[in-house]
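# Close look at the chain arrangement
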Amino acid sequence: MTMSMHAARSNSTWKNAVVYQIYPWTFSEDSARDPQLGHGSIKGIEERLPYIESLGANAIWLSPFYPSPMVDGGYDISDFRNVHPALGTLEDFDSLVKSAHERHIRLMVDFIPNHSSDKHEWFEKSRRREDGYDDWYIWHPGHKDEYGNNHPPNNWASVFSIPHRKAREHGEMSWLRDDEWTPPISAWKWDDVREEFYMHSFAVEQPDLNWSNPYVREAMKDAMRFWLDRGVDGFRVDAVNHIGKNMELLDEEVNTAYNEAWYENPYDQLLKHQSCNYPQTLHEYVWEMCQVLKDEAYEERDLRMILEAYMGESDLRDIDAIAPEVASTFNFGGLLASWDANSRKIQMDYYYERLLRDAVANQVNGNHDKSRLVARLGDNGARVAAVLNLFLPGMRFIYNGEELGLDDADVPPWRLQDPNGLRDPERTPMPWDETQPNVGFSRADPGDLWLPTNSADAYKSVMRQKQHEKSSLSLYKAAIRLCHELPAAMTGGYVPLRTDSDQVLAYGREDDETGDKLVVLVNFTRNKQASVKVLDSHFVIGGVILSSANVEQANRRVDLRAGVTLDSDEAIVIKKI
Ligand code: GLC
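Residues numbered from 1 in each chain as written. Predicted model: local features only at pLDDT ≥ 70, side-chain atom pairs only at ≥ 80, totals over all residues. Heavy atoms only, no water.

In terms of regular secondary structure, the protein is built from 14 helices and 21 strands. Relative to its length of 577 residues, the protein is compact, with a C-alpha radius of gyration of 24 Å against a globular reference of 25 Å. Viewed in the frame of its principal axes, the protein has a C-alpha envelope of about 80 × 55 × 55 Å. For the protein, long-range pairs separated by at least 24 residues make up 71% of all intrachain contacts whose partners lie at least 6 apart in sequence. The protein carries 62 positive and 93 negative side-chain charges, and their two centres are separated by 6 Å. (Helix = DSSP H or I, 4+ residues; strand = E, 2+ residues; numbered from the N terminus. Rg over C-alpha atoms; globule rule 2.2 N^0.38 Å. Contact = heavy atoms within 4.5 Å. Lys, Arg positive; Asp, Glu negative; His and termini not counted. Charge placed at Lys NZ, Arg CZ, Asp CG, Glu CD.)

It is worth spelling out the nonpolar core at this point. In this structure, Leu62, Trp227, Phe235 and Phe391 are the most contacted members of the largest nonpolar core, which totals 144 residues. Considering each element in turn, this core owes the most residues, ten residues, to helix α11 (residues 373–390). Not counting residues within four places of it along the chain, the set of residues in contact with leucine 62 comprises Ile22, Pro24, Ile42, Ile45, Phe93, Leu96, Leu107, Met108, Val109 and Asp110. Grouped together as the second largest cluster of nonpolar side chains are 17 residues, Ala530, Val534, Val558 and Ile574 included. (Core = buried A, V, L, I, M, F, W, Y, C linked by side-chain atoms within 4.5 Å. Buried < 20%, exposed > 50% of the residue type's maximum accessible area, 1.4 Å probe, protein only.)

Inspection of the region around the ligand gives Asp72, Tyr75, His115, Phe160, Phe202, Arg236, Asp238, Glu308, His368, Asp369, Arg423 and Arg427 as its neighbouring residues. A distance of 2.5 Å separates an oxygen atom of the ligand from a polar side-chain atom of aspartate 369. For the ligand, the protein covers 95% of the area, taking 310 Å² as the surface of the free molecule. Counting atoms within 2 Å of the grid points, the majority share of the ligand lands in the largest pocket. Tallied by class, residues from the shell around the ligand come to three nonpolar, two polar and seven charged. (Near = heavy atom within 4 Å. Polar contact = N/O pair within 3.5 Å; in protein donor to acceptor, adjacent residues only side chain to side chain. Areas by Shrake-Rupley, 256 points an atom, 1.4 Å probe, with all protein chains shown as cover. 1 Å grid on protein atoms, 1.4 Å probe; cavity = no way out; pocket = protein on both sides within 12 Å on 5 of 7 lines; lining within 4 Å. Sits in = over half its atoms within 2 Å of the grid points. Nonpolar A, V, L, I, M, F, W, Y, C, P; charged D, E, K, R; others polar.)

Burial analysis of strand β1 (residues 18–22) places five of its five residues in the buried class, the great majority of the element. The alternating pattern of β1 places Val18, Tyr20 and Ile22 on one face and Val19 and Gln21 on the opposite face, and all of these are buried. Sheet topology places β1 next to strand β13 (residues 395–399); four bridges connect them, and they run parallel. Across the sheet, the residue bridging to valine 18 is arginine 396, located in β13. With four bridges joining them, β1 and strand β2 (residues 59–62) adopt parallel strand pairing. Opposite valine 19, over in β2, you have alanine 59 as the bridge partner. (Pairing = 2+ DSSP bridges.)

With that settled, consider the pattern of salt bridges. Under the criterion given, the structure shown has 41 salt bridges. Put simply, aspartate 118 and lysine 119 hold a salt bridge, and the shortest N to O gap is 3.4 Å. In this structure, arginine 194 and glutamate 196 form a salt bridge, with 2.7 Å as the shortest nitrogen-oxygen distance. One network of salt bridges, with partners in common, ties together Asp72, Asp369, Asp418, Arg423 and Arg427. (Salt bridge = Lys/Arg side-chain N within 4 Å of Asp/Glu carboxyl O.)

This part takes up the pairing of strand β14 (residues 493–496). Residues of β14 alternate between two faces, with Gly493 and Val495 on one and Tyr494 and Pro496 on the opposite face, all of them buried. Two elements, β14 and strand β15 (residues 504–510), share four bridges in a ladder whose sense is antiparallel. Residue glycine 493 lies in a different strand from β15, and its bridge partner there is glutamate 510.

Taken in spatial order, the six strands make up an open sheet running β14-β15-β16-β21-β18-β19, and their pairing is antiparallel. Only two strands of the sheet have a single neighbouring strand rather than two, namely β14 and β19 (551–559). Ignoring which end each strand starts from, the neighbouring axes of this sheet average 25° apart. Pairing of strand β18 (residues 541–547) with strand β21 (residues 570–576), which is carried by five bridges, proceeds in the antiparallel orientation. Its bridge partner being in β21, leucine 546 is matched across the sheet by valine 573. Along the sheet, α11 contacts β15, β16 (517–523), β18, β19 and β21; its crossing angle with β21, the most-contacted strand, is approximately 30°. Most of the contacts of helix α13 (residues 472–485) go to β18, to which it runs at about 140°, and overall it touches β18 and β19. (Axes fitted to C-alpha atoms, helices over the stretch in contact; angles between N-to-C directions.)

With respect to the helices, strands and loops of the structure, valine 387 is situated in helix α11. For the pair valine 387 and histidine 484, spaced 97 residues apart in the sequence, the C-alpha separation amounts to 14 Å. When residues no more than four places from it in sequence are discounted, the contact partners of valine 387 are Leu475, Tyr507, Leu546, Ser548, Ala571 and Val573.

When you line up the elements, phenylalanine 524 lands in the loop between β16 and β17 (530–532). Owing to a relative accessible area of 7%, phenylalanine 524 belongs among the buried residues under this scheme. For the pair phenylalanine 524 and aspartate 569, spaced 45 residues apart in the sequence, the C-alpha separation amounts to 5.5 Å. Other than its neighbours up to four places away in sequence, phenylalanine 524 contacts Trp339, Asp340, Ala341, Arg344, Leu388, Gln503 and Leu505.

Assigned domains of the protein: these are domain 1 (13–116 + 214–475), domain 2 (121–199) and domain 3 (493–576). The C-alpha-based centres of domain 2 and domain 3 are spaced at 54 Å. (Domains from an automatic or database assignment.)

Turning our attention to helix α10 (residues 341–353). Between its first and last C-alpha atoms α10 spans 18 Å; for 13 residues at 1.5 Å apiece the expected length is 18 Å, and the two agree. Of all the residues in α10, the buried ones are Ala341, Arg344, Lys345, Gln347, Met348, Tyr351 and Tyr352. End-on, the buried residues of α10 take up no more than an arc of 165°, which puts them together on one face. Along α10, the residues that are exposed and aim more than 90 degrees away from the buried face are Ile346 and Glu353. Elements that come into contact with the buried residues of α10 comprise α8 (313–320), α9 (333–336), β12 (362–364), α11, β14 and β15. (Expected span 1.5 Å × (residues − 1). Arc of directions from axis to C-beta.)

Moving on, we come to the packing of α11 against α13. Between two packed helices, the angle of one axis relative to the other and the distance separating the axes together describe the packing. The N-to-C vectors of α11 and α13 enclose an angle of 20°; their axes lie 9 Å apart at closest approach. The angle between the axes of α11 and α13 places the two elements in the roughly parallel class. Relative to α13, α11 is oriented so that their crossing is left-handed. Note on element contacts: α13 touches α11 through Ser472, Leu475, Tyr476, Ala479, Ile480 and Cys483, opposite Leu373, Arg383, Ala386, Val387 and Leu390. Looking at the contact of α11 with α13 residue by residue, the class counts come to nine nonpolar, one polar and one charged. (Parallel < 35°, antiparallel > 145°, perpendicular 65-115°, else oblique. Left-handed = near helix turned anticlockwise from the far one by under 90°.)

Encoded structure:
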């Protein structure tokens with residue numbers, strides 16, 4: 001049996017990053033703001049830096065904080081170079097960067113290249129054909145039929161097509177036959193001002209920028225430099241696959257595998273080869289963005305981009321090859337794989353096997369677009385998933401509240417903010433202290449909060465969990481502390497391992513220099529203890545240093561070849577003695 005090890009070869013300090021994602025509107029309002037507005041603020045984040053530091057995170061990804069009409073939770077930006085006045089000022093932002101750096105916490109900001117808000121001055125100028133802004137967006141006169149009606153230039157659809165499905169469920173769209181699929185929402189919207197269609201991959205209020213226009217590309221790269229010059233350490237790049245389009249505007253093919261019963265989103269009845277994911281332009285534009293980070297001016301800084309793209313694995317690997325020293329795509333494979341030992345093993349082995357020299361890996365358990373980890377896996381499952389991901393090599397992302405084991409909230413329909421009516425349950429305010437008004441998030445009137453607090457989860461507040469050594473927060477802290485202390489967890493390569501049980505997943509970490517070794521064992525069985533042998537372990541006798549169930553372990557001694565007993569739904573970390 002040969003055992004291959006995939007070393008983490010990159011020199012980037014990001015390879016040890018624990019990145020804490022902050023959704024600014026519901027994270028924390030600074031205590032001094034008077035009157036309180038009911039949503040988070042930049043100063044509020046600065047106030048909570050000691051918390052982020054105590055968690056052990058050494059980087060932050062800040063979701064959009066830019067001026068925005070807030071149609072899509074801030075992903076509809078009306079000025080790429082400013083702070084939303086309701087969240088604070090550029091001075092507040094500078095102060096946040098400075099304070100974070102003083103604590104050795106790096107800051108990545110969300111960067112949204114594909115679209116702006118329809119309230120952005122570029123769009124206002126473009127729809128009026130002013131000042132050379134004519135083709136800053138994607139315009140088309142459409143096709144006139146014999147009755148003089150205008151039709152969109154092609155069948156391209158909006159990602160945000162779920163409202164159509166909901167409308168049909170509510171009895172609208174009665175003209176559709178029972179056996180007909182619900183049509184997606186067109187990506188084209190007629191504009192009465194310019195009397196042409198414009199393209200929007202997401203909401204109608206988020207027109208797509210025209211990346212084939214070099215002036216647009218320069219303006220967007222200038223926006224990147226604006227933030228880099230203010231001290232940010234990199235970007236999380238939003239929906240990057242959408243900037244690559246075939247500007248010949250060919251129709252998308254229909255997805256023959258589509259079945260309305262399985263797919264939630266009518267958008268998925270089209271394959272996406274033209275309206276996005278178009279490699280020729282996508283690769284060129286990603287390369288250009290990478291060059292901004294590689295500029296001499298930033299030579300001394302370890303800048304990094306993490307790119308959001310929902311694409312097939314081999315398409316992702318092509319993007320990862322563009323400039324692995326500064327940019328990699330998010331690894332959503334683990335998040336999307338089904339929750340069983342075999343699927344996760346196949347995904348992880350494949351991912352680390354294909355990792356390029358100089359690349360920095362990453363692991364994700366959730367974000368502001370996904371149902372919360374606990375809602376997907378239950379309380380114990382979420383703890384298992386935390387240990388599983390935290391000990392893998394690379395940047396590990398934690399979405400704020402994940403460390404508390406928060407569940408999805410029941411948001412009443414009249415309080416919904418998401419244009420899809422979908423993603424609010426995972427975006428409700430952080431519970432800091434359940435003895436305070438609004439769980440310590442803000443002192444505003446509860447009716448004024450950006451989203452309501454989740455009273456069902458108030459007992460999971462930071463204040464309370466800090467005092468319990470077996471809490472979810474204590475587990476995250478203990479795991480992250482070990483990840484920063486143990487050479488195998490810091491710099492060790494990924495070692496794929498096999499066990500004699502199809503319910504128990506194993507992997508190893510091994511540091512060449514110190515010989516430090518770890519094994520992580522994960523029992524996916526929900527109701528059964530498992531006794532498992534690690535068939536090809538790179539060491540035999542170890543001590544259990546962490547368990548997802550009990551947190552601290554008194555170095556229980558185990559023999560990996562003879563067999564190790566795990567509780568149901570338990571992950572353990574074993575260190576070579
Ligand atoms: C990304 C964001 C999501 C947003 C969309 C459009 O997927 O994570 O929240 O709605 O892009 O910007």
